Amino acid sequence: MTGFGTLSDGRAVDRITLSNGTLEVSLLTLGALIQDVRLAGVDFPLTLGGRSPRDYEGVMAHFGAIMGPVANRIRDARAEIDGRDYRFDANQDGLHTLHGGSAATHLKIWRVADRDETSVTFALDLPDGEGGFPGKRRIEATYALDGAALTLELRASTDAPTLINLASHGYWTMQPPGDWSGQRLRIAADRYLPTTDDNLPTGEIANVAGTPYDFRDEVTLDSGTAPKLDHNFCLADAPREMTEAARLTGPSGLSLTISTTAPGLQVFGFGSFEVEDDTIHGRPYPTFAALAFEPQHWPDAATHDAFPSILLRPGDVYEQRSRFAFTSGAD
């Protein structure tokens, strides 16, 4: 573990690098985030990242981080839990809660609970009532290398009924970042959630057939003609065994396969902002520089009874496992 620098408020951020000779992954205590991923034989990072903690205080705040306690959106910044109404921070347009509001896990410094050369466990304790969320909660994130794959296990517990939906918000590219056009994408989902103009699910669970969101057969991406991508793809109606969810392949054959136990996968196309700062790629990131793949429960689940529940009760344990496996074009 080495020092990575300090945030503008003086908090120190450390970096932990895992390596097994095939894959090297650098992680930060800030947000338990993935800062850099290198595959042997590939001459560019496979994820987007910053060079200093200050880079993560602006538009890059969520890059690679563990989002929670409730990732994605909560409509009207409120939810009912066991008949009681709870209000949360309305940090999206003053109306809705996005990624936990002020209680967001990606804004916090996690502690290192355990580590060795190829794995690390980060831990975080959230106080009762922070950001409006009930319960004293313990969250853990364990990253481990397995050959050319990075595995992530997320766990959470609580002492009072609460809402939990954790997601890794990594941005991935299988070619040097400039525009994700030319890469090929497959998503193993036959349903998705249509959204409103402010990116909230409408409540409809729609079939992808006949829509621009049908990626069941591999699609070659073109940022000029692709649909807006900031949607949850419905993988299942509940958590399940580890199952392949998506595959992104670059022109050289370099590929990322994402498998997860989560029932949903949010896919975001990075089409609404740019990163002007220097980055681990040595240059700014334009729009469409990469794709974010976020294994998760479905967004705004507390509002929609038909969505998989994100209610966590005392004595139960929230668990999510995901695997990010890489194959070079030479394999």
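Just above, that's the structure.
None of the values given here were measured: they were computed from a predicted structure.

Novice: Looking at this structure, how should I read the sheet that holds strand 12 (residues 137-146)?
Specialist: The strand order across the open sheet built from nine strands is 10-11-12-13-27-23-22-17-20, with neighbouring strands paired in antiparallel fashion. Where the open sheet ends on each side, the last strands, each with one partner, are strand 10 (111-115) and strand 20 (219-220). Here strand 17 (residues 184-187) runs beside strand 20; their pairing, made up of two bridges, is antiparallel. Bridge pairing in strand 20 links Leu-185 to Val-219.

Novice: I tried to follow the sheet that holds strand 25 (residues 291-296) on my own but got confused; where do I start?
Specialist: The strands that make up a sheet are held in pairs by hydrogen bonds between backbone atoms, and each pair lies either parallel or antiparallel. On the basis of which strands lie adjacent, the open sheet formed by six strands has the order 16-25-24-21-18-19 and antiparallel pairing. Looking along the sheet, the strands with just one partner apiece sit at the ends: strand 16 (170-172) and strand 19 (206-207). Pairing of strand 18 (residues 191-192) with strand 19 involves two bridges; the strand directions are antiparallel. Bridged to Tyr-192 within strand 19 is Ala-206.

Novice: Is there a simple way to explain the nonpolar core in this structure?
Specialist: Leu-46, Tyr-143, Phe-233, Phe-293 and Phe-326 are the most contacted members of the largest nonpolar core, which has 57 residues in total. With sequence-adjacent residues up to four places away left out, Leu-46 is seen in contact with Val-37, Leu-39, Tyr-171, Trp-172, Thr-173, Met-174, Leu-254 and Phe-326. Membership of the second largest hydrophobic core comes to 24 residues, among which are Leu-33, Leu-48, Phe-270 and Ile-280.

Novice: For this particular structure, what's the right way to read the pattern of salt bridges?
Specialist: Think of it this way: side chains of opposite charge can pair up when their charged atoms draw near. On inspection of all chains with the given rule, the structure shows 20 salt bridges. Put simply, Arg-138 and Asp-125 hold a salt bridge, and the shortest N to O gap is 2.2 Å. Linking Arg-138 in strand 12 with Asp-125 in strand 11 (residues 119-126), this pair joins segments that are 13 residues apart in sequence. Here Asp-125 falls in the partly exposed class, since its relative accessible area comes to 40%. Among the charged side chains, a salt-bridge network with shared partners connects Arg-78, Asp-85 and Arg-87.

Novice: Got a minute to help me understand the pairing of strand 10 in this structure?
Specialist: For a regular strand, side chains alternate in direction, first toward one face of the sheet and then toward the other. One ladder, built from four bridges, connects strand 10 with strand 11; its direction is antiparallel. Paired with Asp-114 across the bridge in strand 11 is Thr-121. If you look at the hairpin formed by strand 10 and strand 11, you'll find three residues sitting between the two strands.

Novice: Could you clarify how one ought to interpret the environment of Tyr-56 in this entry?
Specialist: Within the secondary structure layout, Tyr-56 lies in the loop between strand 4 (33-39) and strand 5 (66-67). Residue classification places Tyr-56 among the buried residues on the basis of a relative accessible area of 4%. In sequence terms Tyr-56 and Ser-309 are 253 residues apart; their C-alpha atoms lie 31 Å from each other. Those residues within four positions of Tyr-56 in sequence are excluded, and the remaining contacts are Leu-28, Leu-30, Leu-33, Gln-35, Gly-49, Gly-50, Ala-61 and Phe-63.

What counts, and at which threshold
- Residues numbered from 1 in each chain as written.
- Predicted model: local features only at pLDDT ≥ 70, side-chain atom pairs only at ≥ 80, totals over all residues.
- Heavy atoms only, no water.
- Pairing = 2+ DSSP bridges.
- Helix = DSSP H or I, 4+ residues; strand = E, 2+ residues; numbered from the N terminus.
- Core = buried A, V, L, I, M, F, W, Y, C linked by side-chain atoms within 4.5 Å.
- Buried < 20%, exposed > 50% of the residue type's maximum accessible area, 1.4 Å probe, protein only.
- Contact = heavy atoms within 4.5 Å.
- Salt bridge = Lys/Arg side-chain N within 4 Å of Asp/Glu carboxyl O.

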